[in-house]
Amino acid sequence: GAVVSQHPSWVICKSGTSVKIECRSLDFQATTMFWYRQFPKQSLMLMATSNEGSKATYEQGVEKDKFLINHASLTLSTLTVTSAHPEDSSFYICSARALTGGQPQHFGDGTRLSIL
Amino acid sequence: DAKTTQPTSMDCAEGRAANLPCNHSTISGNEYVYWYRQIHSQGPQYIIHGLKNNETNEMASLIITEDRKSSTLILPHATLRDTAVYYCIVQTGANNLFFGTGTRLTVIP
């Protein structure tokens, strides 16, 4: 089945640090990848839609200058949390959808980010 | 995108079939029904999806009513590892997925 790899799985860093999270589709090409955030005991909330070769589309309330998204190839999208603060601590999850229409999204295992 | 309604929680005895209902009365003709589950501290796992016909794969069966206003996910022989939050999502294939609150399924030994 389709596999999406997300790295790292766990990050602990100091306030003010920038953190990069990678999302790779291992066995299929994805023109579109999605970035979600999940706070404890809450459901997933979409942050942005990442399209290969173009600018990401951010959901309302998500700061594009703080959460930088790059989708440089059909198999890789990155999310960089710039100057992270404790309130950015969360579970970040990416997903990717194959080029073929109607195919489901497949999710990475998530990155737990803890800012001290 | 159509909204879905699911029970907040369900219990199922280990080895028995788990039947998880979902109502999506406002579904439109080009919207698929997707089912995902999320085990604690992991990313959502795709289970199955369908448009009109019933579907079956190695994980589950999806039964969609003829009017497409509701569906049921069936795990034929639930195991303890099936304990998770199950999300029913109605969406066109092109859009992002909107996750509601889902059904927390607890499989009991």
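Given the structure is predicted, the values throughout are model-derived calculations rather than measurements.

## Re the overall build of chain A
Within chain A, the secondary structure is distributed over 0 helices and 11 strands. Listed by position from the N terminus, the elements making up chain A come as β-β-β-β-β-β-β-β-β-β-β. Rg of the C-alpha trace for chain A: 13 Å, near the compact-globule value of 13 Å for 116 residues, within the 12% margin. Dimensions of chain A, computed from C-alpha atoms along their principal axes, come out at roughly 40 × 25 × 20 Å. Every one of the 116 residues in chain A was classed for burial, and the buried ones make up 50%. Contacts in chain A between residues far apart in sequence, at least 24 positions, make up 54% of those at least 6 positions apart. Accessible surface computed for chain A: about 5,700 Å², of which carbon and sulfur atoms make up 51%. Each charge sign in chain A was given a centre, from 10 positive and 9 negative side chains, and these centres are 3 Å apart.

## A few points about the side chain of R68 of chain B
Residues and elements named next belong to chain B. By the secondary structure assignment, R68 is in the loop between β6 (61-64) and β7 (70-75). Within the buried set, R68 has no salt-bridge partner at all; the shortest N-O distance to an opposite charge, 6.5 Å, is to E31. What R68 contacts, discounting residues up to four positions off in sequence, is H24, I27, S28, G29, E31, L51 and K52.

## So, unusual backbone geometry
Residue and element names in this part refer to chain A. Of note, the bond from H7 into P8 is cis; its omega dihedral lies within 30 degrees of zero at 0 degrees. When you line up the elements, P8 lands in the loop between β1 (4-7) and β2 (10-13). Positioned with a positive phi, S83 is a non-glycine residue whose angle comes to about 45 degrees. Within the secondary structure layout, S83 lies in the loop between β8 (76-81) and β9 (90-97).

## With respect to the sheet that holds strand β5 (residues 55-56) of chain B
Residue and element names in this part refer to chain B. Ordered by their spatial adjacency, 4 strands build an open sheet running β2-β7-β6-β5, and the pairing between neighbours is antiparallel. In the strand order of this sheet, the two ends are held by β2 (18-23) and β5, each with one partner. Two elements, β5 and β6, share 2 bridges in a ladder whose sense is antiparallel. Across the sheet, the residue bridging to T56 is S61, located in β6.

## Considering the sheet that holds strand β7 (residues 67-73) of chain A
Residues and elements named next belong to chain A. Taken in spatial order, the 4 strands make up an open sheet running β1-β3-β8-β7, and their pairing is antiparallel. Only two strands of the sheet have a single neighbouring strand rather than two, namely β1 and β7. When strand polarity is set aside, the average angle formed by the axes of neighbouring strands in this sheet is 15 degrees. Note that β7 and β8 share 5 bridges and pair antiparallel. From the neighbouring strand, L68 faces β8, where its bridge partner is T80.

## Remarks on the environment of L97 of chain B
Position of L97 of chain B relative to the elements: it lies in the loop between β8 (84-91) and β9 (103-108). Of the residues examined, L97 of chain B reaches a relative accessible area of 4% and is grouped as buried. Among all residues touching L97 of chain B, those that are not within four sequence positions of it are Y36, Q105 and F107 of chain A together with Y34, Y36, I89 and Q91 of chain B.

## A few points about the nonpolar core
Of all hydrophobic cores here, the largest spans 24 residues; its most connected members are W35, F67, L79, Y92 and L113 of chain A. Secondary-structure elements contributing two or more residues to this core are β2, β3 (19-25), β4 (32-38), β5 (45-51), β7, β8, β9 and β11 (111-115) of chain A.

About the cut-offs
Residues numbered from 1 in each chain as written. Chains lettered and ligands numbered in written order. Predicted model: local features only at pLDDT ≥ 70, side-chain atom pairs only at ≥ 80, totals over all residues. Heavy atoms only, no water. Helix = DSSP H or I, 4+ residues; strand = E, 2+ residues; numbered from the N terminus. Rg over C-alpha atoms; globule rule 2.2 N^0.38 Å. Buried < 20%, exposed > 50% of the residue type's maximum accessible area, 1.4 Å probe, protein only. Contact = heavy atoms within 4.5 Å. Areas by Shrake-Rupley, 256 points an atom, 1.4 Å probe, with all protein chains shown as cover. Lys, Arg positive; Asp, Glu negative; His and termini not counted. Charge placed at Lys NZ, Arg CZ, Asp CG, Glu CD. Salt bridge = Lys/Arg side-chain N within 4 Å of Asp/Glu carboxyl O. Pairing = 2+ DSSP bridges. Axes fitted to C-alpha atoms, helices over the stretch in contact; angles between N-to-C directions. Core = buried A, V, L, I, M, F, W, Y, C linked by side-chain atoms within 4.5 Å.

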